[in-house]
Amino acid sequence: MSELIGMAGHMGESTKSKRAEIGDDERDIIPRDFRFDIPGNATRNWFAGDIAKTSMIDAMSIFLPEGERFFIRSLKHYSGKLKDKALSKEINGYAVQEAFHTREHEDYNRAIASLGYDVAEMERPIGQALGLLKNPLYRLAATCAIEHLTASFSSALLRRPHLMDGAHPAYRRLWMWHALEELEHKAVALDVLNAATKDISSFKRYWLRVWAMNAVLAPFLLIFLRNVRIYVRADGVKPGFRFWAKFFWANFGKPGLLRHTAAPLLRYYTPWFDPRNGDDSKLIARGREWLDREFRPVARSRAEPPSGAVAAAG
Ligand SMILES: [Fe+2]
Ligand SMILES: [Fe+2]
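Criteria and thresholds
- Residues numbered from 1 in each chain as written.
- Chains lettered and ligands numbered in written order.
- Predicted model: local features only at pLDDT ≥ 70, side-chain atom pairs only at ≥ 80, totals over all residues.
- Helix = DSSP H or I, 4+ residues; strand = E, 2+ residues; numbered from the N terminus.
- Buried ≥ 20, exposed ≤ 12 C-beta atoms within 10 Å, placed from the backbone.
- Axes fitted to C-alpha atoms, helices over the stretch in contact; angles between N-to-C directions.
- Parallel < 35°, antiparallel > 145°, perpendicular 65-115°, else oblique.
- Left-handed = near helix turned anticlockwise from the far one by under 90°.
- Contact = placed C-beta atoms within 7 Å.
- Nonpolar A, V, L, I, M, F, W, Y, C, P; charged D, E, K, R; others polar.
- Expected span 1.5 Å × (residues − 1).
- Bend = angle between axes of the 7 residues up to and from the residue.
- UniProt positions renumbered as here; feature names shortened; annotations may be inferred.
- Core = buried A, V, L, I, M, F, W, Y, C linked by C-beta atoms within 7 Å.

Visitor: Got a minute to help me understand the overall build of the protein chain in this structure?
Guide: Each helix and strand in the protein chain was counted, giving twelve helices and zero strands. Taken from N to C terminus, the helices and strands of the protein chain fall in the order α-α-α-α-α-α-α-α-α-α-α-α. Sorting the 314 residues of the protein chain into buried and exposed places 40% on the buried side.

This is the structure:
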């Protein structure tokens with residue numbers, strides 16, 4: 001991973017000529033070496049003082065370091081084999097973005113552990129579940145499915161930033177940055193799948209996609225709910241009817257982050273699904289401008305003597 005992170009400096013240079021971190025094309029994949037110092041901002045119930053909202057988002061972070069390393073490996077496997085320079089470049093941009101996400105979510109999860117939650121126990125079934133997939137093509141198809149899941153979540157969040165009202169600024173900033181980059185690279189895994197399966201019929205490719213999404217969703221939901229249960233217990237909350245009613249209302253009622261994720265998620269099941277068909281260009285442009293505004297003060301403070309950066313800006 002350190003190799004990938006090292007490449008970011010080079011990739012960042014190529015973007016400097018076009019308005020630094022902002023980017024001017026929806027298809028630009030721009031790795032941003034940003035740090036969010038979640039350990040320095042570790043806060044119990046950081047999301048509006050609400051255990052239902054905080055446990056839901058923190059339970060997602062638990063998946064990410066292991067998951068994103070899996071995605072990088074799945075795509076890198078095909079990088080040399082496909083002999084397509086443009087696609088290899090896309091894979092590299094993708095891998096560097098995901099490597100930075102991994103680094104920040106490792107820090108994030110360390111912060112969760114520092115507050116007394118059993119992160120190792122929550123992470124345990126994730127590695128086990130991903131380890132069951134041995135075939136490179138199945139691993140790639142699973143990566144496509146999870147990438148679409150994260151792109152759907154990201155689109156819901158960037159379209160409705162008020163869904164994170166009341167969140168601690170450092171956590172909010174990290175999730176918005178992550179959401180933007182997920183949208184920037186939302187098509188890469190599927191581009192690789194299409195290239196890797198160009199000799200099979202589109203009907204078979206469609207069923208491979210659908211099979212992978214179904215194979216991913218069921219264990220994801222089981223592990224996710226199991227981890228929320230472990231998480232809230234550590235907070236002294238009994239995960240009984242009262243808690244789950246509150247949890248489901250927060251996610252599927254109001255503010256309803258998962259409700260807003262469901263519609264874009266289901267588009268994956270259409271045979272004609274193409275992540276580039278949904279026009280996210282305005283959303284990505286807005287996200288980049290937001291990020292630029294958020295990080296300009298941090299960049300300025302770094303230009304003087306380097307300091308604790310993001311925490312200071314929050
Ligand atoms: Fe990511
Ligand atoms: Fe991703």
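Having seen the structure, we can now continue with the description.
Visitor: Is there a simple way to think about the packing of helix α2 (residues 51–79) against helix α4 (residues 119–131) in this case?
Guide: Pairs of packed helices are described in terms of their axes, by the angle between the two and the distance that separates them. Running from N to C, α2 and α4 point in directions that differ by 30°, and their axes come no closer than 9 Å. Here α4 runs roughly parallel to α2, going by the angle between their axes. α2 and α4 meet at a crossing whose hand is right-handed. Mapping the contact onto sequence places Ile62, Phe63, Glu66, Gly67 and Phe70 in α2 and Val119, Met122, Glu123, Ile126, Gly127 and Leu130 in α4. For the contact of α2 with α4, the class distribution of residues is seven nonpolar, two polar and two charged.

Visitor: Looking at this model, I keep getting lost on the environment of Leu87. Mind explaining?
Guide: Residue placement: Leu87 occurs in helix α3 (residues 85–114). Separated by 108 residues in sequence, Leu87 and Ala195 have C-alpha atoms that sit 8.9 Å apart. Setting aside residues up to four positions removed in sequence, Leu87 forms contacts with Leu82, Asp191, Val192 and Ala195.

Visitor: It is not clear to me how α2 should be interpreted in this structure. Could you clarify?
Guide: Residues spaced three or four apart along an α-helix point in a common direction, a consequence of the helix completing one turn every 3.6 residues. Between its terminal C-alpha atoms α2 stretches 42 Å, which fits the 42 Å expected from 29 residues at 1.5 Å a residue. Along α2, the largest kink reaches about 40° and is centred on Leu64; proline Pro65 follows within four residues of it. α2 sits mainly inside the fold: 22 of its 29 residues count as buried.

Visitor: Explain the UniProt feature "transmembrane region" (unreviewed entry) in the protein chain to me, please; I cannot follow it from the model alone.
Guide: Residues given the UniProt feature "transmembrane region" (unreviewed entry) here are residues 206–225. Secondary structure across residues 206–225 divides into 100% helix and 0% strand, with the first and last C-alpha atoms of the span separated by 29 Å.

Visitor: Would you mind going over the environment of Ser114 with me for this structure?
Guide: Inspection of the secondary structure assignment puts Ser114 in helix α3. Setting aside anything within four residues of it in sequence, one finds Ser114 in contact with Pro39 and Ala42.

Visitor: Explanation requested: the environment of Gly240 in the structure shown.
Guide: Position of Gly240 relative to the elements: it lies in the loop between α8 (202–234) and α9 (241–253). Of the residues examined, Gly240 has 8 C-beta atoms within 10 Å and is grouped as exposed.

Visitor: What exactly am I supposed to notice about the nonpolar core here?
Guide: A general tendency of soluble globular proteins is for nonpolar side chains to be buried together. With 74 residues, the main nonpolar core has Leu75 and Val192 as its most contacted residues. Take this core: its biggest share by element is twelve residues, from α2. Residues in contact with Leu75, not counting those within four places in the same chain, are Ile91, Tyr94, Ala95, Thr143, Val188, Ala189 and Val192.

Visitor: Help me understand the packing of helix α5 (residues 136–159) against helix α6 (residues 169–184), please; the structure alone is not making it clear to me.
Guide: As a packed pair, α5 and α6 sit with axes 8 Å apart at the nearest point and diverge in direction by 125°. The orientation of α5 relative to α6 falls into the category oblique. In terms of crossing hand, the pair formed by α5 and α6 is left-handed. Taken together, the residues of α6 that come into contact with α5 (itself represented by Thr150, Ala151, Ser154, Ser155, Leu157 and Leu158) are Trp175, Ala179, Leu180, Glu182 and Leu183. Its residues assigned to classes, the contact of α5 with α6 comprises seven nonpolar, three polar and one charged.

Visitor: So what exactly am I meant to see when it comes to unusual backbone geometry here?
Guide: Backbone phi values are negative for most residues with the exception of glycine, while trans is the configuration of most peptide bonds. With an omega dihedral of 0°, the bond running from Lys254 to Pro255 counts as a cis peptide bond. Locating Pro255 in the fold gives a position in the loop between α9 and α10 (257–266). In the Ramachandran plot, Asn45 falls in the positive-phi region, its phi being about 50° despite a non-glycine side chain. Mapped onto the secondary structure, Asn45 falls in the loop between α1 (2–16) and α2. The phi dihedral of Lys83 falls on the positive side, at around 45°, and the residue is not glycine. Tracing the backbone through its elements, the reader meets Lys83 in the loop between α2 and α3.

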